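# Working through the structure, step by step
Letter by letter, the chains look like this.
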Amino acid sequence: MESGVVRKEILELKQLIEKAKLGGGSEAIAKQHSQGKLTARERLELLFDNGEYIEFDMFVTTRATEFDMDKRKVPGDGVVTAFGRVDGRWVVGIAQDFTFMGGSVGEMHAAKIVKAMQYALSTGVPVVFLNDSGGARIQEGVDSLKGYGDIFYMNVVASGVIPQIAVIMGPCAGGAVYSPALMDFVIMVEKTSYMFITGPKVVKAALGEDVTEEELGGARVHASRSGVAHFIASNDREAIEIVKKLLSYLPSNNMDIPPRVDVGDDPYRLVPELDSIVPEDPKKPYDMYQIIESVIDKGTFFEVQKDFAKNAIIGFARLNGYTVCIVANNPQYYMGALDIDSSDKISRFVRFCDAFNIPIITFVDTPGFVPGTYQEHRGIIRHGAKIIYAYSEAVVPKLTVIVRKAYGGAYIAMGSKHLGADLVIAWPTAEIAVMGPEAAAEVIWRKKLESIQDPAEREALLKKLAEEYKEKLTKPYFAASRGYVDMIIEPNQTRAILTKALEFLLTKREIRVRGPPKKHGVMPV
Ligand code: HXC
């Protein structure tokens with residue numbers, strides 16, 4: 001062979017790759033861009049370090065022949081699968097290519113996704129799935145549904161083994177929504193993405209309701225009302241930034257620990273402002289975010305599901321560089337009481353953190369579960385039970401700070417000693433009991449109170465009795481006398497003590513008796 005002459009097979013390969021990269025063609029790419037959307041490959045370039053990734057299965061095509069599919073087919077079959085590095089760590093990326101048949105999922109398209117997920121699973125690296133698809137490829141009938149079934153199955157197999165992140169960057173309708181729903185985090189792009197089981201047309205036909213795609217399943221709706229989306233982004237670029245940030249807090253798999261990132265914040269720093277943050281009046285709220293942010297490493301709080309169930313706060317943070325999960329009640333919403341949505345929000349997050357070896361720090365200020373028919377009829381009993389289940393099952397280090405109220409079942413549920421917390425810290429402002437002092441006094445001394453005719457006199461007595469109850473039973477010293485609270489500390493010491501406790505607990509091995517062997521428990525989902 002003459003040196004310097006490139007063989008024609010190699011030139012042919014180059015041409016084939018160029019053609020494959022065009023996906024559904026330049027016209028479709030221009031349409032994609034005109035809608036403010038990037039193409040599959042542009043998205044992967046943003047995801048991976050230096051825009052570099054190894055694409056595989058570029059020449060996979062559909063095997064379908066009906067409805068001219070044999071004439072329409074293009075290499076890649078509407079999805080790009082690849083591996084590459086994100087912040088230096090390997091990640092598998094899957095990006096649907098809307099330019100070919102609307103990114104619809106046929107048999108081979110699905111097979112590519114499944115193979116990519118198998119790579120991620122066998123190598124123990126996170127999978128990032130960039131969704132942009134018209135759903136099941138109509139021309140492929142049940143082969144397409146089979147493909148979806150295989151993807152869902154892989155999502156379940158991978159659950160709790162590798163982090164799975166779904167980004168919704170276009171339509172996501174019908175059963176297709178279930179792959180993202182089975183993954184750990186869903187990020188939606190505002191205005192260009194939506195998720196629903198049935199679209200506005202079917203809703204109109206079936207129920208006579210007029211609703212737009214945005215109202216039915218846009219990013220805002222899922223981030224604030226349904227809780228399906230964990231994050232929203234204003235465009236593709238921002239969505240991918242969120243993916244990267246999220247990955248930076250996570251381990252690559254369930255046998256790994258998250259990367260440690262020292263941000264240079266003194267781990268034993270005292271926080272004097274915490275000594276005056278809890279108001280005298282127990283009914284007055286304060287800013288729980290301020291507590292969280294002043295305790296963790298500066299600027300590291302990364303909130304999850306920020307606009308959903310705002311009576312609870314969840315998110316990742318760092319403490320002395322270590323990733324921690326933060327769970328907190330938010331007294332600014334329903335006084336921090338737990339309802340159905342906040343129960344779902346907390347319990348799912350706790351299970352994620354436990355599955356991926358991330359210690360959980362819980363800040364408690366809750367008067368209990370939200371009462372009333374609305375909550376009861378929708379199953380607050382069933383939903384609230386999930387929090388108890390999740391904390392009880394979690395074997396990662398669990399550190400709990402009781403800031404103010406910790407009443408009744410909610411006290412137990414929110415990472416109490418009784419569910420296996422390793423360290424329960426109470427601030428002197430903590431109130432721990434079956435119920436609030438006034439409600440308790442009304443029950444205990446009901447007859448005595450009823451016998452008093454003068455309302456002012458009755459009120460004064462109630463106050464006095466409530467004070468007596470508070471003094472004897474709700475102050476944290478009572479719980480501490482039983483060992484249910486390990487320490488009562490000055491709030492300013494919270495960061496220093498949590499840091500030391502976390503470091504001490506890093507070698508924690510679960511020693512609690514976990515009951516008889518079983519296949520799996522039956523979580524009250
Ligand atoms: C085959 C599809 C397709 C699909 C879109 N296309 N969805 N081809 N199967 N599911 C094709 C279109 O025919 C078109 O091809 C190209 O993709 C781009 O679509 P447009 O309609 O031009 O784009 P746009 O106007 O942006 O609308 C996008 C869309 C719309 C809203 C997604 O295409 C649509 O409603 N598609 C059907 C969605 C659907 O009903 N899917 C099945 C859902 S049920 P040409 O050749 O014209 O460029 C489901 C069940 C999953 O997915 C079950 C899992 C268990």
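For the structure, see preceding data.
All values derive from a computational prediction rather than experimental measurement.

Those residues of helix H10 (residues 219-226) lying buried are Ala219, His222 and Ala223. Along the axis of H10, the buried residues cluster in a sector spanning 95°; they form a single face. For H10, the elements touching its buried residues are strand E7 (185-189), strand E8 (194-196), helix H9 (213-217) and strand E9 (231-233). Where H10 ends, the next residue or the one after it, glycine 227, has phi of about 80°, a positive value.

Take the sheet that holds E9 next. If you trace the 7 strands from one edge of the open sheet to the other, you get E1-E2-E3-E4-E5-E7-E9, paired in mixed fashion. One side of each edge strand has no neighbouring strand; the edge strands of this open sheet are strand E1 (54-56) and E9. For this sheet the average axis-to-axis angle between neighbouring strands, irrespective of direction, equals 20°. Where strand E4 (residues 127-131) and strand E5 (residues 164-168) come together, 5 bridges link them in parallel fashion. Following the sheet pairing, valine 127 is matched in E5 by glutamine 164.

Another aspect to go through is the site of the ligand. Near the ligand you find 20 residues, and of these Arg72, Met101, Gly102, Gly134 and Ala136 are the closest. For the ligand, an oxygen atom lies 2.8 Å from a polar atom in the backbone of alanine 136. For the ligand, the accessible surface in isolation is 1,000 Å², of which the surrounding protein chains cover 55%. Those elements giving two or more residues to the shell around the ligand turn out to be helix H6 (141-158) and strand E6 (171-173). Classifying every residue of the shell around the ligand by side-chain character gives 11 nonpolar, 6 polar and 3 charged.

Our focus in this paragraph is the pattern of salt bridges. Counted according to the given criterion, the structure contains 25 salt bridges. Where aspartate 344 meets lysine 386, a salt bridge forms, and the shortest distance between an N and an O atom there is 2.5 Å. Within this pair, whereas aspartate 344 is found in helix H13 (residues 340-355), its partner lysine 386 is found in helix H15 (residues 380-393), the two being separated by 42 residues in sequence. Classification of aspartate 344 by relative accessible area gives partly exposed; the value is 26%. Residue classification places lysine 386 among the buried positions, given a relative accessible area of 8%. For arginine 446, the salt bridge goes to glutamate 450, with nearest N and O atoms at 3.6 Å. With a gap of 4 residues between them, arginine 446 and glutamate 450 both fall in helix H18 (residues 446-450), about one helical turn apart.

The biggest cluster of nonpolar side chains holds 66 residues, and the ones touching the most others in it are Leu44, Val128, Phe316, Val327, Ile346, Ile360 and Ile402. Considering every element that reaches this core, the biggest residue donor is helix H11 (residues 236-249), with 7 residues. Valine 128 has contacts with Leu47, Val91, Val92, Gly93, Ile94, Ile165, Val167, Val243 and Leu247, leaving out every residue within four places of it along the chain.

Residue placement: threonine 474 occurs in helix H19 (residues 455-474). Among the polar contacts listed, one links the side chain of threonine 474 to the backbone oxygen of lysine 470, at a separation of 3.0 Å. Residues within four places of threonine 474 in sequence aside, it is in contact with Tyr407, Ala430, Glu431, Ile432, Ala433, Met435, Pro437 and Tyr469.

About the cut-offs
- Residues numbered from 1 in each chain as written.
- Predicted model: local features only at pLDDT ≥ 70, side-chain atom pairs only at ≥ 80, totals over all residues.
- Heavy atoms only, no water.
- Buried < 20%, exposed > 50% of the residue type's maximum accessible area, 1.4 Å probe, protein only.
- Helix = DSSP H or I, 4+ residues; strand = E, 2+ residues; numbered from the N terminus.
- Arc of directions from axis to C-beta.
- Contact = heavy atoms within 4.5 Å.
- Pairing = 2+ DSSP bridges.
- Axes fitted to C-alpha atoms, helices over the stretch in contact; angles between N-to-C directions.
- Near = heavy atom within 4 Å.
- Polar contact = N/O pair within 3.5 Å; in protein donor to acceptor, adjacent residues only side chain to side chain.
- Areas by Shrake-Rupley, 256 points an atom, 1.4 Å probe, with all protein chains shown as cover.
- Nonpolar A, V, L, I, M, F, W, Y, C, P; charged D, E, K, R; others polar.
- Salt bridge = Lys/Arg side-chain N within 4 Å of Asp/Glu carboxyl O.
- Core = buried A, V, L, I, M, F, W, Y, C linked by side-chain atoms within 4.5 Å.

Remember that the coordinates give geometry; whether it matters functionally is a separate question.
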